[in-house]
Amino acid sequence: MVCFNKARWASLIVAGAAFLPGTVLGVDNLRLQISVGGNILKGNVDGRVVLMFAPNGTDPLEDTDVTSTPNKMFGMNVFQFGADDIVTLSGGGPNNTATGVTGFPLDSIDDVPAGTYRVQAFLNPYEKVRRSDGSEVHLKFPCGDGAPNVDGVGSLTTRALDLEVHGGPQTIKLAFNGVEPVEAFKGKEVGGCSQGNYADTERLKYVKIRSKILSHFWGRDMYVGANVLLPAGYDAADEHTRYPVLYDQNHWTGGRGAYGYGTRADFTAAWDNGIIPGVNGTSDRPTPKLIIVAFRHEAPYYDDSYGVNTANMGPYGDAINEELIPYIDRKFNTIAQPYARIQDGGSTGGWISAASVIFRPDLFGACFSSYPDSLDFHSHQAIPLYTNKNAYQNANGDKIGSIRTFINDTEIVEATVEQENHWEHVFGTSSRSSLQWDVWNAVFGVQGLNGYPLEPWDKVTGEIYPEAVEYWKEFDLSHYISSNWNSAKKLGEVLRGRIYIYVGTHDNYYLNGGVAAFEKQVNGLGGSSWANVTITPGQTHGGNYQRRETWDYLELVSSWIQDHSPGGKTLLSRSRTKSSSRGNRFEDIIRVGGHGAALKRQHKPTLSYTHNAKCGPVIKAAVGRWDPGVALQAQWIVNGHASGASFTVKQGQTVRYAPTAGHKRSKLKLRVTGTKRNYQDDTRDSNSVIVSRR
């Protein structure tokens, strides 16, 4: 990044050659210079600038999807950017992603073809926070907008201008002159725009609380909320009539009710009336008597937190399960027992619902999880994460798909894993794009030394880091269950018959692979009916559980609750809902994956001698321990000066220094410098030893 004070604008024009570090200006170089207009920026901020070249006359935000965008998009970090500064974007490439320009689908701004474009830029400002574990990060906190990857609440924007790119040396000037506003409140909930703010209706109630647990972790006020859909006939004053709860997990739900309540006229009318109209000569029947809850938990890395405790996003699981759900139970006439608490959802919601029951069988009765995110990381989407060396291609060189469709049963790959990761990189480095692959890093991974998620592979090259992947295993639900099958948690017995999973073989995101691996592992241990897994030939991503019609599905849930209730034919016994079966405890998560753990992973280089060494013996040195993916360059230091040329070393390597016979008494140490994308360069010295004559 290059920022210029406005006082330098004139000299910049005269010089005509301001450029990014490491960028070589060619004769065809195109540059964009963006200033700040008016008084829209108070103080200095870190953030991410996103620049878009859209087809002439179109809205640059109309289509930014990886599978279909016509835009040429570029991103760059800015640091301490202020009202009097000017940021210049030029060039670009896969290196220097922390400070340089990253593009999609083009690597460099130089590659933008001549033509007329609608050009617009955005600045997503980051907030600096210090978390309770001591880590310090700069992140975009959403505020009722569902954490979009660009142009969220508070983002600075330029006007969209139709401009001609000449194909030769050219400077285009833009100005940030707008700020994306907060959506107008309709409700009176606490916390302002955080998690949205909505007004109750007769059946749909909104609740929101300040989470003490999350606020402590983040060092700022944090909120979680829920949209509570009440059944027909519900009477708040009748505390003797109580209702089971279906927790419907999803992405950012905004003010919507579950299952299309408020948007689907037929469902809304039937729910409000309490009557499901008969069809094709069948009789009307009553709607299931359920309270359906949809959570609002937009988070710094995504439109939802994944509903579990994580090292990067904090104790969202505890905030929802230990603060928000008890609040809902106090406010509404719920049955606060595991058999009457059911989890469901699809895709991300499918994973959350399954994880909620698997980690908290003491709290929830069962899950009906559809096309969930990867339940077994042997197939993370289509990546064999535990065995492949690269996330973007298999050993035979074939690119790994990420998004697909089918035409006449023939697979059409719409985006590869590589393309989608490079697209995400435009919107944020260090897993801050608020997009899918990055949030998996934040949920499943531990913190890196830089405070951000320890990414499982190099975002540019796809090289997998096995040590980083190893930390994911606590969130590999297949591995977690099998590891605790006969442990004190006794999950083999506790979870039997409580997990229902559905996916189609043609899932658009390859999620069927993880489900199949999950079924093979857990049902291989417990028998074919331990988990009820449905893999339907030819079905794609979407729909209710087993593609059932909504009322049919909700009646299935009601039947499960009735069957497992006191007096039901298959009672969910207290022995299967003990607190000893609980997992995902935040104290364990942060102990293994927080800032303190990241510091403990690091070790300085060490020489095998502690004090003195004689000439003759070879002196051995370990290069130290570093985060996965850190490239190392070593240098012997003799009497405070470099001795010989620096040399490349690898983590875990032992290097040797051989003093010569004529060697004079000297002080020796090894200096190692580590570099990694989005990390600060780190130089570490070993202990020193005195090398003397024999």
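A quick note: this is a predicted structure, and the numbers were derived from the prediction, not measured. (Residues numbered from 1 in each chain as written. Predicted model: local features only at pLDDT ≥ 70, side-chain atom pairs only at ≥ 80, totals over all residues. Heavy atoms only, no water.)

**Things to note about the overall build of the protein**
Here's step 1: Check the secondary structure of the protein and you find 14 helices and 34 strands.
Here's step 2: Taking 694 residues into account, the globule formula puts the C-alpha radius of gyration at 26 Å, and the protein, at 28 Å, falls close to it.
Here's step 3: Summarising its shape, the C-alpha atoms of the protein cover approximately 95 × 65 × 50 Å along the three principal directions.
Here's step 4: For the protein, buried positions account for 57% of its 694 residues.
Here's step 5: Of the contacts formed within the protein by residues at least 6 apart in sequence, a portion of 70% connects residues at least 24 apart.
Here's step 6: In the form shown here, the protein has an accessible surface area of approximately 28,000 Å², with 49% of it arising from carbon and sulfur atoms.
Here's step 7: Positive and negative side-chain charges in the protein, numbering 69 and 70 respectively, have mean positions lying 11 Å apart. (Helix = DSSP H or I, 4+ residues; strand = E, 2+ residues; numbered from the N terminus. Rg over C-alpha atoms; globule rule 2.2 N^0.38 Å. Buried < 20%, exposed > 50% of the residue type's maximum accessible area, 1.4 Å probe, protein only. Contact = heavy atoms within 4.5 Å. Areas by Shrake-Rupley, 256 points an atom, 1.4 Å probe, with all protein chains shown as cover. Lys, Arg positive; Asp, Glu negative; His and termini not counted. Charge placed at Lys NZ, Arg CZ, Asp CG, Glu CD.)

**As for the environment of alanine 184**
Here's step 1: Considering the arrangement of structural elements, one finds alanine 184 in the loop between strand 11 (170-179) and strand 12 (204-210).
Here's step 2: Separated by 406 residues in sequence, alanine 184 and isoleucine 590 have C-alpha atoms that sit 37 Å apart.

**Let's talk about the side chain of serine 347**
Here's step 1: In this fold, serine 347 is placed in the loop between strand 20 (341-346) and helix 5 (348-359).
Here's step 2: For serine 347, a relative accessible area of 13% gives the class buried.
Here's step 3: Apart from residues no more than four positions distant in its own chain, serine 347 is found in contact with Ser370, Tyr371, Pro372, Asp373, Leu511 and His541.

**Brief notes about helix 5**
Here's step 1: Across its 12 residues, helix 5 extends 16 Å between first and last C-alpha, which sits within 8% of the 16 Å expected from 1.5 Å per residue.
Here's step 2: Of all the 12 residues making up helix 5, 12 are buried; the element is thus mostly covered by neighbouring parts of the structure.
Here's step 3: Looking only at helix 5, the buried set comprises Thr348, Gly349, Gly350, Trp351, Ile352, Ser353, Ala354, Ala355, Ser356, Val357, Ile358 and Phe359.
Here's step 4: On its buried side, helix 5 packs onto strand 14 (245-249), strand 20, strand 21 (366-370), helix 7 (436-444), helix 9 (477-483) and strand 24 (499-504). (Expected span 1.5 Å × (residues − 1).)

**Regarding the packing of aromatic side chains**
Here's step 1: In total, this model carries 34 aromatic pairs according to the counting rule given.
Here's step 2: Measuring from centroid to centroid gives 4.9 Å for tryptophan 437 and tryptophan 440, while their planes differ by 85°, and the two rings are edge-to-face. One end of the pair is tryptophan 437 and the other is tryptophan 440, both in helix 7 and 3 residues apart, which spans about a single turn.
Here's step 3: The aromatic ring of tyrosine 452 is capped on one face by arginine 432, whose charged end is 4.7 Å from the ring centroid.
Here's step 4: The ring of tryptophan 626 has arginine 684 sitting right over it, with the charged end atom 3.6 Å from the ring centre. (Phe/Tyr/Trp six-rings, centres within 6.5 Å; stacked < 30°, edge-to-face > 60°. Lys NZ or Arg CZ within 6 Å of the ring centre and 35° of its normal.)

**Some remarks on the sheet that holds strand 28 (residues 619-622)**
Here's step 1: A sheet is described by the order of its strands in space; here 3 strands give the open sequence 26-28-31, paired in antiparallel fashion. Among the strands making up the open sheet, the edge pair consists of strand 26 (606-607) and strand 31 (654-657).
Here's step 2: Sheet analysis places strand 26 next to strand 28, joined by 2 bridges and oriented antiparallel. When the bridges of strand 28 are listed, threonine 606 appears paired with alanine 622. (Pairing = 2+ DSSP bridges.)

**Brief notes about the layout of surface pockets**
Empty pockets left among the atoms are what a rolling probe the size of a water molecule brings to light.
Here's step 1: Approximately 940 Å³ is the volume found for the largest pocket.
Here's step 2: Looking at the largest pocket, it is lined by 39 residues, and the ones nearest its centre are Asn450, Tyr452, Asn678, Tyr679 and Gln680.
Here's step 3: A per-class count over the lining of the largest pocket returns 11 nonpolar, 19 polar and 9 charged.
Here's step 4: Roughly 530 Å³ of volume is contained in the second largest pocket.
Here's step 5: Together, 27 residues line the second largest pocket, and His251, Tyr302, Trp423, Leu435 and Gln436 are the ones closest to its centre.
Here's step 6: Residues belonging to the lining of the second largest pocket are distributed by class as follows: 11 nonpolar, 10 polar and 6 charged. (1 Å grid on protein atoms, 1.4 Å probe; cavity = no way out; pocket = protein on both sides within 12 Å on 5 of 7 lines; lining within 4 Å. Points joined across faces, edges and corners; volume = space filled by probe spheres on them. Nonpolar A, V, L, I, M, F, W, Y, C, P; charged D, E, K, R; others polar.)

**Looking at the sheet that holds strand 14**
Here's step 1: Judged by pairing direction, the sheet is mixed, and its 8 strands sit side by side in the order 12-13-17-14-20-21-24-25 without closing on themselves. Two strands bound the open sheet, and with one partner strand each, they are strand 12 and strand 25 (532-536). Averaged over all pairs of adjacent strands, the angle between strand axes in this sheet comes to 15°, irrespective of strand direction.
Here's step 2: Relative to strand 17 (residues 291-296), strand 13 (residues 223-229) is paired through 5 bridges, and the arrangement is antiparallel. In the strand pairing of strand 17, valine 228 is matched with valine 293.
Here's step 3: Against the sheet, helix 12 (residues 550-563) touches strand 14, strand 17, strand 20, strand 21 and strand 24, its axis set at about 155° to strand 21. (Axes fitted to C-alpha atoms, helices over the stretch in contact; angles between N-to-C directions.)

**So, the pairing of strand 29 (residues 631-638)**
Here's step 1: Among the 8 residues in strand 29, 6 count as buried, and that is most of the element.
Here's step 2: With 8 bridges joining them, strand 29 and strand 32 (residues 666-675) adopt antiparallel strand pairing. Bridged to alanine 631 within strand 32 is threonine 675.
Here's step 3: Remark: 2 residues form the turn of the hairpin made by strand 29 and strand 30 (residues 641-649), two consecutive strands paired antiparallel; asparagine 639 in that turn has positive phi of roughly 50°.

**Side note on the pairing of strand 3 (residues 45-55)**
Here's step 1: For strand 3, a buried count of 10 out of 11 residues is recorded, marking the element as mostly surrounded by other parts of the structure.
Here's step 2: Judged from the 8 bridges that link them, strand 3 and strand 4 (residues 72-81) form a sheet pairing that is antiparallel. Following the sheet pairing, arginine 48 is matched in strand 4 by asparagine 77.
Here's step 3: Bridge analysis of strand 3 against strand 7 (residues 115-130) gives 10 bridges, and the strand direction is antiparallel.

**Here we look at the packing of helix 3 (residues 265-273) against helix 12**
Here's step 1: Helix 12 packs onto helix 3 with a crossing angle of 40° between their chain directions and a minimal axis gap of 12 Å. Of the possible angle classes, the one that applies to helix 3 and helix 12 is oblique. Residue-level contacts link Phe267, Ala270 and Trp271 of helix 3 to Thr550, Trp551 and Leu554 of helix 12.
Here's step 2: Class assignment of the residues belonging to the contact of helix 3 with helix 12 gives a composition of 5 nonpolar, 1 polar and no charged. (Parallel < 35°, antiparallel > 145°, perpendicular 65-115°, else oblique.)

**Notes on the nonpolar core**
Here's step 1: Core analysis: the largest hydrophobic core is formed by 115 residues, its most contacted members being Trp218, Trp351, Ile499 and Leu554.
Here's step 2: In terms of residues, this core owes the most to one element, helix 5, which gives 7 residues.
Here's step 3: In this structure, Val87, Leu89, Val119 and Phe176 belong to the second largest nonpolar core, which totals 28 residues. (Core = buried A, V, L, I, M, F, W, Y, C linked by side-chain atoms within 4.5 Å.)

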